[in-house]
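Here's the letter readout for the chains.
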Amino acid sequence: MYTVGRAAELTGVPSGTLRKWEQRYGVVVPQRSSGNYRLYDDEAVRRLSVMRSLVDAGWSAQEAARHVATDVAAAEAVLPRPAEPPFEERHHTLVQCAQDFDVPGLERLLSDGFADADLVSVVDDWLLPSMVHLGRAWQRGEVTVAGEHFVTASVHRRLAQAFQSIPSAPTGGPRVVVGLARGSRHEVGILSFALVLRSRGVAVTYLGGDLPLEAWVSAVRLVAPAAVVLAAPTLEDLPAVREVVEAVRPMAAVLLGGAHQAEVDGAERLGHLAGAAAASLATRLGAVS
């Protein structure tokens, strides 16, 4: 399930336009969270993406919505088939490695992927989109829980290895504390952010996942960072994330990523491209890569 902000990011439809299409044309009917936030499933994202493509191709919004509402598959079929993106094959290969528990294949894929010198591209164009593909394959029952864990653990190890291979930033420069709140263990996104940030010359204190509130407070008080970065990957993470934001923002600027960042007040939102967000923060802090 996706928030309105994430649905806008995935479909390329601004959130205001998205709401207008819902209200005026009924192209999708979002579900509601317990906190009354609008949530979109994969089918809703598909319908919005098809409608956007039809509108971009010159259809009126009313006509596009009518076709999507009548038969989204038929509406999708009239669109020209775009060339396969350069990273699409790697997305599929990662899922196949999870299905087959293919250790050599996964190691080759990770080695080839991380060979790109541009870590922002590694993270935003290949790695994290591939993990999204993996998660969707698991939701559809195409990948077992064990297969998903097998790949995620390998990716985490590769990210940690890359992180440790980068020399520490010079003393006296900006320092950023990065981690996840109590109960949150989805580290791939936040560790990817920390990797890019460190590669851009920022001193990163990486705290990992599932860090209790009191540990966050003591660490931030001791380190006195230029910024604190955490993420809200799932709805279940929101209460603990809100506690951390409230507790540490008097001591440092707080920046927040993750699929549910829009549902937390008091923190600057990083958007949904972890690599680009990390590079942007490094620039703001005046780090030298």
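Above this note sits the structure.
If you're wondering where the values come from, they're calculated on a predicted model, not measured in any experiment.

Caption draft 1: Fine view of the sheet that holds strand S4 (residues 203–211). The strand order across the open sheet built from five strands is S4-S3-S5-S6-S7, with neighbouring strands paired in parallel fashion. A strand with exactly one partner marks an edge of an open sheet, and here the two such strands are S4 and strand S7 (268–269). Pairing geometry for strand S3 (residues 175–181) and strand S5 (residues 227–231), over three bridges, is parallel. Each bridged residue has a counterpart across the sheet, and for Val176 the counterpart in S5 is Ala227.

Caption draft 2: Region of interest: the nonpolar core. Judged by nonpolar contacts, the single largest core of 50 residues is most densely connected at Phe114, Phe193, Leu197 and Val229. Tallying contributions element by element places helix H8 (residues 119–139) first for this core, with 10 residues. Ala181, Val217, Ala240 and Val244 belong to the second-largest nonpolar core, a separate cluster that totals 20 residues.

Caption draft 3: Local environment of the environment of Leu273. With respect to the helices and strands, the residue Leu273 is situated in the loop between S7 and helix H13 (274–284). Linking Leu273 and Val123, residues 150 residues apart in sequence, is a C-alpha distance of 8.2 Å. Look past the residues within four positions of Leu273 in its chain and what remains in contact with it is Glu9 and Asp124.

Caption draft 4: Spotlight on the packing of aromatic side chains. As enumerated under the stated definition, the model contains three aromatic pairs in all. Between Phe114 and Trp126, the ring centres sit 5.9 Å apart and the planes meet at 85 degrees, which makes this aromatic pair edge-to-face. Taken as a pair, Phe114 in the loop between helix H7 (103–113) and H8 and Trp126 in helix H8 lie far apart in primary sequence, 12 residues in all. In this pair, the class of Phe114 matches that of Trp126, namely buried. Taking the centre distance of 6.3 Å and the plane angle of 50 degrees together, the rings of Phe163 and Tyr206 count as tilted. Within this pair, whereas Phe163 is found in helix H9 (residues 145–165), its partner Tyr206 is found in strand S4, the two being separated by 43 residues in sequence. Just above the ring of Trp126 sits the side chain of Arg90; from NZ or CZ to the centre is 5.8 Å.

Caption draft 5: Examining the pattern of salt bridges more closely. Evaluated as defined, the whole model comprises eight salt bridges. The residue Arg46 makes a salt bridge to Glu43 at a minimum N-O spacing of 3.6 Å. Residue Arg46 and its partner Glu43 are both found in helix H3 (residues 42–56); the two are separated by three residues, about one turn of the helix. Among the salt bridges present, the one from Glu246 reaches Arg249, with a minimum N-O distance of 3.1 Å.

Caption draft 6: Spatial organisation of helix H2 (residues 15–25). The complete set of buried residues in H2 reads Leu18, Trp21 and Glu22. Mapping the buried residues of H2 onto a view down its axis gives an arc of 95 degrees, with all of them on the same face. Exposed residues lying more than 90 degrees from the buried face of H2 are Gln23 and Arg24. The inward-facing, buried residues of H2 abut helix H1 (4–11), strand S2 (38–39), H3 and helix H4 (61–70).

Caption draft 7: Layout of the packing of H8 against helix H10 (residues 188–199). Contact geometry for H8 and H10: axes closest at 10 Å, N-to-C directions at 175 degrees. Looking at the two axes, H8 sits roughly antiparallel to H10. Each of Leu119, Val120, Val123, Leu127, Leu128 and Met131 in H8 lies in contact with H10, whose residues at this interface are Val188, Gly189, Ser192, Leu195, Val196 and Ser199. Its residues assigned to classes, the contact of H8 with H10 comprises nine nonpolar, three polar and no charged.

Caption draft 8: The packing of helix H11 (residues 213–223) against helix H12 (residues 238–248), seen in detail. Axis separation between H11 and H12 bottoms out at 10 Å; the angle between their running directions is 30 degrees. Put simply, H11 runs roughly parallel to H12. With respect to the hand of their crossing, H11 and H12 are arranged in right-handed fashion. Contacts between H11 and H12 involve Leu213, Trp216, Val217 and Val220 from the former and Glu243, Val244, Ala247 and Val248 from the latter. Residue classes in the contact of H11 with H12 are distributed as seven nonpolar, no polar and one charged.

Caption draft 9: Local environment of the pairing of S5. With respect to burial, S5 is a largely interior element, five of its five residues being buried. In S5, alternate side chains face the same way, and those of Ala227, Val229 and Ala231 on one face and Val228 and Leu230 on the other are all buried. Of the pairings in the sheet, the one linking S5 to strand S6 (residues 253–257) comprises five bridges and is parallel in character. Residue Ala231 lies in a different strand from S6, and its bridge partner there is Gly257. In this region the chain leaves S5, passes through H12 and returns to the parallel neighbour S6; the handedness of that crossover is right-handed.

Reading guide: rules and limits
Residues numbered from 1 in each chain as written. Predicted model: local features only at pLDDT ≥ 70, side-chain atom pairs only at ≥ 80, totals over all residues. Heavy atoms only, no water. Pairing = 2+ DSSP bridges. Helix = DSSP H or I, 4+ residues; strand = E, 2+ residues; numbered from the N terminus. Core = buried A, V, L, I, M, F, W, Y, C linked by side-chain atoms within 4.5 Å. Buried < 20%, exposed > 50% of the residue type's maximum accessible area, 1.4 Å probe, protein only. Contact = heavy atoms within 4.5 Å. Phe/Tyr/Trp six-rings, centres within 6.5 Å; stacked < 30°, edge-to-face > 60°. Lys NZ or Arg CZ within 6 Å of the ring centre and 35° of its normal. Salt bridge = Lys/Arg side-chain N within 4 Å of Asp/Glu carboxyl O. Arc of directions from axis to C-beta. Axes fitted to C-alpha atoms, helices over the stretch in contact; angles between N-to-C directions. Parallel < 35°, antiparallel > 145°, perpendicular 65-115°, else oblique. Nonpolar A, V, L, I, M, F, W, Y, C, P; charged D, E, K, R; others polar. Left-handed = near helix turned anticlockwise from the far one by under 90°. Right-handed = clockwise from strand over helix to strand, strands pointing away.

As far as function goes, none of this settles anything; it's purely spatial.
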